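Remarks on the overall topology
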Amino acid sequence: MTTELTFEPRDDAEQHEADLVVLGAGGTGIAAALAAAERGVRVVLLEKGNRPGGAAMFGATGFAAYESEAQRDAGETFSARDAFHAITEYNRHRCNEKLVREIVGRSGDTVSWLASHGLKTTLAEHDGAHHGLVTAQTGILTAHREARTYHRYVSKFGGFKKMLASFAEMGGVLLTETAATDLVTGQEGEILGIRAEKTDAGAPLSTRTALSKEAEKDIASDENQDPILVDISTRAVVVGTGGFVGDHDLVQRVLGSIPASEVHFTGERKAVGTGGKIAVAAGGVADDDVALDIPAFTVPGRFSSRSLAVLANLPLLWVNRAGKRFVDEAVTYRFGHRGSAVQQQGGQFWMILDSATVERLATDGLPHLSPAEDHGAPLPPGTEGTPAQPQLVEALGEAVDCGSAYMGTSVEELAGAVGFQAQEFAATVDRYNHAVETGRDEEFFSPEQVLQHGVSEGPFYAVKVVNTVRGTLGGIRIDERTRVLDAHSVPVPGLFAGGNEATGFYGGTYPQIDGLTLAFAFNSGRIAGEAAADYLAH
């Protein structure tokens, strides 16, 4: 942060004037920009990459909401009150309950509000494919999973384009490939401006990278390496930069003893903690109750088909590094829980299968056993069981070649290849086979439906499966009006935050509720834009 008497644009900088600067043009940022602009605020929206939308557009299909018009028309009775209790109970009340109340209470109206700006949705049908496998839990969270709360985009790319057109019609300015680097404040801590630099699709941009290769050769002797600067005068800032999943050093602090190099990342690479750094520079708290969104699984490596991505989501025999079974494999259907189960095992497990299961899966599929839903291996809606994976044998060969799988002609040989404790692994396989034969799992009480495929016909395979980090949750401390708070819970004047970079909605983990991160993103962004407009008006 820089402190100055007045905001002085740099001589060589592209210059803009605004009342509000919004950092990040994802779900949070776009909602904040729209909410402020429709109240007459002059808004400049910065997007580090070359295309706005972020994970809300590129990685999602919709979001959760409560008491929307579509839900009322469908007779859905699961209310904002029910959602409040589901989220706070799951979080063990380790959350800002006023913020949770504000988010779920606004969510139904936000569906209509987003539609008015072009992002239309339809209420998704409830998917009960794994209902019988996840109802060991009872209570309000289970009731939430059974309710119709997911609002699916009708046309997400078209919808986001229309929202940005609506923003432009209200006088809003979108600057893509522009990354904030510094917050300028006055002597009393008031916000004066944002300093930024141009990027190349999110990567730092100098004059060199802005030029064509031909021009680069012509001026190789005296080219200018200085960054291309942007200065924006403003009195308020909304942070919607999406967390820090793109900075693996920051992620490593949360992972602890698990090396970041041994897990898989699919989150927004441009999200590198910029908003948190700006919040800290302004006096805010940005390391509050940080957690990882880590529910998905990946077989490490590059493969010629998605067969292994499907395999990674099946409840076959799972063992840890010691070759011991460690969980009821039906946890794979509990999307909010399964990542934590594997994280406790060092961020990985080995899926064990025999040649009979490989052949069956490759030729006929598994008609009575479905993979858990995963964006990495999407199946057509209404698919029952696991479709045949004719490229599985080839993919397993590729995995063996790259060290992500091992093959053994016997259980003992497989144990030696992977490095399992041989006796423990053999005993694990025997117990699992007995559970399959009898339909009774005395170790973890797995439901009979998943106990279908024993491990008895060689050759045998062990396939490495690792946690996938999709994003980060939390960091910047905010109140129910999304105002950034300092260490004494006093609002930092003119600074607001929402979405994945903000703390208070999650209790250190992601509840198993489809579309909740975007529910928080859109609603916290909308609230932030309104709160910023109120701040500027007074």
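Residues numbered from 1 in each chain as written. Predicted model: local features only at pLDDT ≥ 70, side-chain atom pairs only at ≥ 80, totals over all residues. Heavy atoms only, no water.

Let's shift gears to the packing of helix 1 (residues 27-37) against helix 19 (residues 516-537). At a closest axis distance of 7 Å, the pairing of helix 1 and helix 19 adopts a crossing angle of 35°. By crossing handedness, the relation of helix 1 to helix 19 is classed as right-handed. Counting all contacts with helix 1, which are made through Gly27, Thr28, Ala31, Ala32, Ala35 and Ala36, the residues of helix 19 involved are Ala521, Phe522, Ser524, Gly525, Arg526, Gly529 and Glu530. Along the lines of polarity and charge, the residues of the contact of helix 1 with helix 19 split into six nonpolar, five polar and two charged. (Axes fitted to C-alpha atoms, helices over the stretch in contact; angles between N-to-C directions. Helix = DSSP H or I, 4+ residues; strand = E, 2+ residues; numbered from the N terminus. Left-handed = near helix turned anticlockwise from the far one by under 90°. Contact = heavy atoms within 4.5 Å. Nonpolar A, V, L, I, M, F, W, Y, C, P; charged D, E, K, R; others polar.)

In this section: the sheet that holds strand 13 (residues 236-239). Sheet strands associate in pairs through backbone hydrogen bonding, adopting either a parallel or an antiparallel arrangement. Taken in spatial order, the six strands of this open sheet run 8-4-3-13-23-22, and their pairing is mixed. Both outer strands of the open sheet, strand 8 (173-176) and strand 22 (483-485), are each paired with one neighbouring strand and no more. Across the sheet, the axes of successive neighbouring strands diverge by a mean angle of 30°, strand direction being ignored. With four bridges connecting them, strand 3 (residues 20-23) and strand 4 (residues 43-47) associate as parallel partners. (Pairing = 2+ DSSP bridges.)

Take the side chain of arginine 106 next. You can see arginine 106 is positioned in helix 5 (residues 97-116). Looking at arginine 106, the relative accessible area reads 19%, which means it is buried. Residues in contact with arginine 106, not counting those within four places in the same chain, are Asn523, Arg526, Ile527 and Glu530. (Buried < 20%, exposed > 50% of the residue type's maximum accessible area, 1.4 Å probe, protein only.)

The next point concerns helix 8 (residues 156-169). Helical geometry note: an α-helix holds 3.6 residues per turn, so side chains three or four residues apart project in the same direction. For helix 8, with 14 residues, the first-to-last C-alpha span of 20 Å sits near the 20 Å given by 1.5 Å per residue. Buried within helix 8 we find Lys156, Gly159, Phe160, Met163, Leu164, Ser166 and Phe167. The buried residues of helix 8 occupy an angular sector of 155° when the element is viewed end-on, so they sit on one face. Set apart from the buried face of helix 8 by more than 90 degrees, the exposed residues are Lys161, Lys162 and Glu169. One or two positions beyond helix 8, positive phi appears at glycine 171, with a value near 95°. (Expected span 1.5 Å × (residues − 1). Arc of directions from axis to C-beta.)

Glancing now at the packing of aromatic side chains. Summed over the entire model, instances satisfying the criterion amount to 18 aromatic pairs. Note on tyrosine 153 and phenylalanine 160: the rings are 5.9 Å apart at their centroids and 85° apart in plane angle, and the pair reads as edge-to-face. Relative accessible area serves as the criterion here: at 1%, phenylalanine 160 is assigned to the buried category. Pairing tryptophan 318 with phenylalanine 326 gives two aromatic rings, centres 6.4 Å apart and planes at 35°, and the pair type is tilted. The ring of phenylalanine 297 has arginine 338 lying over it, and the distance from NZ or CZ to the ring centre is 4.5 Å. (Phe/Tyr/Trp six-rings, centres within 6.5 Å; stacked < 30°, edge-to-face > 60°. Lys NZ or Arg CZ within 6 Å of the ring centre and 35° of its normal.)

Let us look at the confidence of the model for the chain. Put simply, the chain has an average pLDDT of 90, and 89% of its residues get 70 or more. Note that residues 134-138 has pLDDT below 50 and, in this model, ten contacts with residues that lie over four places away or in other chains. (pLDDT = per-residue confidence, 0-100.)

Moving on to unusual backbone geometry. Cis geometry marks the peptide bond from glycine 458 to proline 459, where omega comes out at 0°. In this fold, proline 459 is placed in the loop between helix 18 (422-438) and strand 20 (460-469). We note that glutamate 177 has phi near 50°; this positive angle belongs to a residue other than glycine. With respect to the element layout, glutamate 177 can be found in the loop between strand 8 and strand 9 (178-185). Look at threonine 482: it is not a glycine, yet its phi comes out positive at around 65°. Position of threonine 482 relative to the elements: it lies in the loop between strand 21 (471-477) and strand 22. We classify threonine 482 as buried; its relative accessible area is 0%.

Within the secondary structure, glutamine 344 is located in the loop between helix 14 (335-343) and strand 18 (348-354). For glutamine 344, a relative accessible area of 66% translates into the label exposed. For glutamine 344 and asparagine 320, which are 24 residues apart along the polypeptide, the C-alpha to C-alpha distance reads 10.0 Å.

As a further point, take the pairing of strand 4. Buried residues dominate strand 4, accounting for five of its five residues. Of the two faces of strand 4, the one carrying Val43, Leu45 and Glu47 and the one carrying Val44 and Leu46 are both buried. As for the winding sense of the linkage, the β-α-β connection from strand 3 through helix 1 to strand 4 is right-handed. Note that strand 4 and strand 8 share four bridges and pair parallel. Each bridged residue has a counterpart across the sheet, and for glutamate 47 the counterpart in strand 8 is threonine 176. (Right-handed = clockwise from strand over helix to strand, strands pointing away.)

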